[in-house]
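Each chain, written out:
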Amino acid sequence: MPTELPYAADAEESLSYDELEVLRLQYQKETAQSHVTVQTKFNYAWGLVKSPLSEHQVEGVRLLQEIYRAEPTRRRECLYYLALGHYKMGNYDEARRFNALLLDKEPTNLQAQSLASLIDKRVTREGYIGMAIVGGVAALGTLALASIIRRASRK
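So, how was this worked out
Residues numbered from 1 in each chain as written. Predicted model: local features only at pLDDT ≥ 70, side-chain atom pairs only at ≥ 80, totals over all residues. Heavy atoms only, no water. Helix = DSSP H or I, 4+ residues; strand = E, 2+ residues; numbered from the N terminus. Buried < 20%, exposed > 50% of the residue type's maximum accessible area, 1.4 Å probe, protein only. Contact = heavy atoms within 4.5 Å. Areas by Shrake-Rupley, 256 points an atom, 1.4 Å probe, with all protein chains shown as cover. Axes fitted to C-alpha atoms, helices over the stretch in contact; angles between N-to-C directions. Parallel < 35°, antiparallel > 145°, perpendicular 65-115°, else oblique. Left-handed = near helix turned anticlockwise from the far one by under 90°. Nonpolar A, V, L, I, M, F, W, Y, C, P; charged D, E, K, R; others polar. pLDDT = per-residue confidence, 0-100. Expected span 1.5 Å × (residues − 1). Phe/Tyr/Trp six-rings, centres within 6.5 Å; stacked < 30°, edge-to-face > 60°. Lys NZ or Arg CZ within 6 Å of the ring centre and 35° of its normal.

**As for the overall build of the protein**
1) Next: Secondary structure assignment for the protein yields six helices and zero strands.
2) Next: Secondary structure elements of the protein occur, N-terminal to C-terminal, as α-α-α-α-α-α.
3) Next: Within the protein, buried positions represent 32% of all 155 residues.
4) Next: In the protein, the share of contacts with a sequence separation of at least 24, taken over all contacts with a separation of at least 6, comes to 54%.
5) Next: If you sum the accessible surface of the protein, you get close to 9,800 Å²; carbon and sulfur atoms cover 58% of it.

**Details of the environment of K50**
1) Next: Mapping K50 onto the fold places it in helix α2 (residues 38–50).
2) Next: In this structure the C-alpha to C-alpha distance between K50 and E12, which are 38 residues apart in sequence, comes to 7.7 Å.

**Considering the packing of α2 against helix α4 (residues 75–89)**
1) Next: Contact geometry of α2 with α4 gives a least axis separation of 9 Å together with a crossing angle of 30 degrees. Overall, the two elements α2 and α4 adopt an arrangement that is roughly parallel. Where α2 crosses over α4, the two elements pack in a sense that is left-handed. Along its contact with α2, which presents F42, W46, V49 and K50, the element α4 presents E77, C78, Y81, L84, G85 and K88.
2) Next: Its residues assigned to classes, the contact of α2 with α4 shows six nonpolar, one polar and three charged.

**Some points on the packing of α4 against helix α5 (residues 92–105)**
1) Next: The interhelical angle for the contact between α4 and α5, taken along N-to-C directions, is 155 degrees, at an axis separation of 7 Å. By the angle class used here, α4 and α5 are roughly antiparallel. The two elements α4 and α5 meet at a crossing, and its hand is left-handed. Contact residues: α4 offers R76, L79, Y80, L82, A83, H86 and Y87, while α5 offers Y92, E94, A95, F98, N99, L101, L102 and K105.
2) Next: Residues belonging to the contact of α4 with α5 are distributed by class as follows: ten nonpolar, two polar and three charged.

**Quick notes on the confidence of the model for the protein**
1) Next: Averaged over every residue, the pLDDT of the protein is 85; residues scoring 70 or more account for 79%.
2) Next: Confidence over residues 1–6 falls short of pLDDT 50; this stretch has six contacts with residues more than four positions distant or in other chains.

**Considerations on α2**
1) Next: Between its terminal C-alpha atoms α2 stretches 18 Å, which fits the 18 Å expected from 13 residues at 1.5 Å a residue.
2) Next: Every buried residue belonging to α2 is among T40, K41, F42, Y44, A45, G47, L48, V49 and K50, and all of these are buried.
3) Next: In this structure, the buried residues of α2 make contact with α1 (17–32), α3 (54–70) and α4.

**Section: the packing of aromatic side chains**
1) Next: Scanning the model with the defined rule gives five aromatic pairs in all.
2) Next: Each ring, one from Y68 and one from F98, has its centre 6.2 Å from the other, and the planes form 85 degrees; the classification is edge-to-face. One end of the pair, Y68, is in helix α3; the other, F98, is in helix α5, with 30 residues separating them in the sequence.
3) Next: Each member of the aromatic cluster is reached from another via a ring pair, and the members are F42, Y80 and Y81.
4) Next: Of note, R74 hangs over the ring of F42, and the distance from its end group to the ring centre comes to 5.9 Å.
5) Next: Positioned above the aromatic ring of Y68 is the side chain of R75, whose terminal nitrogen or guanidinium carbon lies 5.2 Å from the ring centre.

Written out as structure tokens, the structure is:
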């Protein structure tokens, strides 16, 4: 019996406005006090990355990258959400890069395996869409050229 990988639910689920607001207020409170704990920053970044709004995702990835650079002991936990954030923003090369780093450290991480599958499916789908667009443009160009040639040969 084939086993399904656990779905990377974070790719589709977001926090409610109120849940994200709690994280934002805590982050702003600590920022105002000039001391933001790594956990508060991570929690807020996590909530932002899960958001459907691209500006939230960008900010979440930025905060996670700050943590990744400044806190070597927290890198592993940042990798999945950096990969997820880039996936949600459509930066598939970056998503793959961060997810591969995580899978190098944890090859049996089922959530990262699931995200890798989602990334591959999205890249494939967008590749097909791109090919269809190019094919459609080429067909229209051919029709336009044939029409021009037909008109020119009538004169």
